[in-house]
Amino acid sequence: MGLNIAMLSIHSSPIGDLGTRDTGGMSVYVREVAQVLGRLGHCIDIFTQHNPGQQDPVIDLYDNVRLIHLSGGANENIAKSELYEYLPNLLFDLKAFQNRQRVTYDVIHSHYWLSGVLGAMIQEWWHVPHFVTYHTIGVVKNRVSPTEKESEVRLANEKTLADVCDGIVVPSANEKEYLIQYYDALQDKIWVIPCGVNLERFKPMAKAAARRQLAFSNEAIIVLYVGRYSPVKGLDHLFKALSYLKHLDQLRLVLVGGDGEHSRMYEHLQSVAKGLNIQDRLVFAGRVHQKILPVYYSAADVFVVPSHYESFGLVTLEALACGTPVVATPVGAMKTIIQDGVSGYVADNLDAEHFAQLVEAIVLKQLKGVLSPAEIRASVTRLTWTRSASLLLEAYQAQSEA
Ligand code: UDP
């Protein structure tokens, strides 16, 4: 029999603008697994915070999947930093929705700590299994992030959540270790379930055709970054690495994502680039719709992940599925999804010169034509969202029967 699943994705909507400040891999995750679970006959209600531009609070997203907007009494979109205070109001709205619809749920799956806190409140009321996916862990972020610091409230709530929830879903073994080490999470309740990639959307196209479409020169050496412009993503580190590659005068770094030319992060990156004298090597492409991203991945010679921290790193899978090799820092699931020398390299550490050498090694392989896009894609075709969703179901069902 199908399960009724309540997914909480309070601070970030699964239909938000990907690549902007608070909207990235988590939204993709929620959307993709909900879609597969719905297709398998389960009913999923995803709860997110009110969007003032959205007239109808309930949207049918996919077969058996609804997106429900909760306002918590606020007229405006509530800033992430203030959302914690609003959680009791959102709980009130959620209860009201449930009473109106007369729906009961078999399992709660919360995404990110703010949803987790709400999930824990509901758990006391519904008495059904509560799963949490942290997406990032505050204490780890604080250890690695050069500038941003996560609040004590977040850290304390994340630790409590690890204790009170019934199951924790993590996308990589690293995350499991962190939860055990920093929050004393019990290993038996942690499920390591890798993320997936949409193989229909992310597939290789001919490099020349992709470059023509984007007006990139055939002679250029294209290094591509896709993601939010958050300090934890290591763009400063990447720029420094690039400064060691000035001898490759055809090299261009294309940056996809971010919050536009008026954002603080954009200005910061411009000034770092000027300081390193690499500003002429950069192409800021802005946010790109996921449907167009395969063209960027296919146009690139090498895709880079310079992050200080990732819980998984979806963009790596997307690039590999498009047949493009990846050079990454040793974060998230990189060591398990990148095959050394075949589909890219994982750096040993966060040294910028070392990162630059790995990028250059891939560039040389590309110039010699020794990398196979088909082989690179084949290395990740087992990692589908269908697989992730069926492993999630196993976890839900095991916990329901416990
Ligand atoms: N993304 C996008 N357009 C952009 C930038 C990013 O569609 O301009 C998507 C990208 O395809 C990926 C997600 O945003 O699926 C980012 O996920 P990832 O796990 O790499 O990073 P996170 O945002 O979770 O830190």
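Residues numbered from 1 in each chain as written. Predicted model: local features only at pLDDT ≥ 70, side-chain atom pairs only at ≥ 80, totals over all residues. Heavy atoms only, no water.

1. Details of the nonpolar core
Reasoning step 1: In this structure, L253, Y297 and Y396 are the most contacted members of the largest nonpolar core, which totals 100 residues.
Reasoning step 2: For Y396, the contacting residues outside a window of four places in its chain are L3, I5, M7, L37, V107, H109 and F131.
Reasoning step 3: Listed in part, the 44 residues of the second largest apolar core include L90, L94, A120 and A162. (Core = buried A, V, L, I, M, F, W, Y, C linked by side-chain atoms within 4.5 Å. Buried < 20%, exposed > 50% of the residue type's maximum accessible area, 1.4 Å probe, protein only. Contact = heavy atoms within 4.5 Å.)

2. Some details on the packing of aromatic side chains
Reasoning step 1: In this structure the tally under the stated criterion is 16 aromatic pairs.
Reasoning step 2: Between the aromatic rings of Y84 and W113, the centroid separation amounts to 5.7 Å while the plane-to-plane angle is 40°, which identifies the pairing as tilted. Linking Y84 in helix α2 (residues 80–101) with W113 in helix α3 (residues 112–126), this pair joins segments that are 29 residues apart in sequence.
Reasoning step 3: Summarising the aromatic geometry, the rings of Y112 and W113 are spaced 6.5 Å apart at their centres and angled 50° between planes, so their arrangement reads as tilted.
Reasoning step 4: Through successive ring pairs, a cluster of aromatic residues spans F47, F97, Y105, W125 and W126.
Reasoning step 5: A cation sits over an aromatic face here: K95 above W125, 4.7 Å from the ring centre. (Phe/Tyr/Trp six-rings, centres within 6.5 Å; stacked < 30°, edge-to-face > 60°. Helix = DSSP H or I, 4+ residues; strand = E, 2+ residues; numbered from the N terminus. Lys NZ or Arg CZ within 6 Å of the ring centre and 35° of its normal.)

3. Concerning the pattern of salt bridges
Opposite charge on two side chains makes pairing possible when the charged atoms of those side chains draw close.
Reasoning step 1: One pass over the structure, following the stated rule, counts 10 salt bridges.
Reasoning step 2: Across the pair R154 and E158 runs a salt bridge whose closest N-O atoms are separated by 2.9 Å. Of this pair, R154 and E158 both sit in helix α5 (residues 152–164), four residues apart, which is roughly one turn of that helix. With respect to class, R154 is no different from E158; both count as buried.
Reasoning step 3: Salt bridges linked by common partners bring K141, E150, R154 and E158 together as one network. (Salt bridge = Lys/Arg side-chain N within 4 Å of Asp/Glu carboxyl O.)

4. Concerning the site of the ligand
Reasoning step 1: As a structural note, the neighbourhood of the ligand is formed by 18 residues, with G25, R228, K233, V288 and E318 the closest of them.
Reasoning step 2: The backbone of V288 places a nitrogen or oxygen atom 2.7 Å from a nitrogen atom of the ligand.
Reasoning step 3: Notes on the ligand: free accessible area 550 Å², of which the protein chains cover 93%.
Reasoning step 4: Residues that form the shell around the ligand fall into these classes: eight nonpolar, six polar and four charged. (Near = heavy atom within 4 Å. Polar contact = N/O pair within 3.5 Å; in protein donor to acceptor, adjacent residues only side chain to side chain. Areas by Shrake-Rupley, 256 points an atom, 1.4 Å probe, with all protein chains shown as cover. Nonpolar A, V, L, I, M, F, W, Y, C, P; charged D, E, K, R; others polar.)

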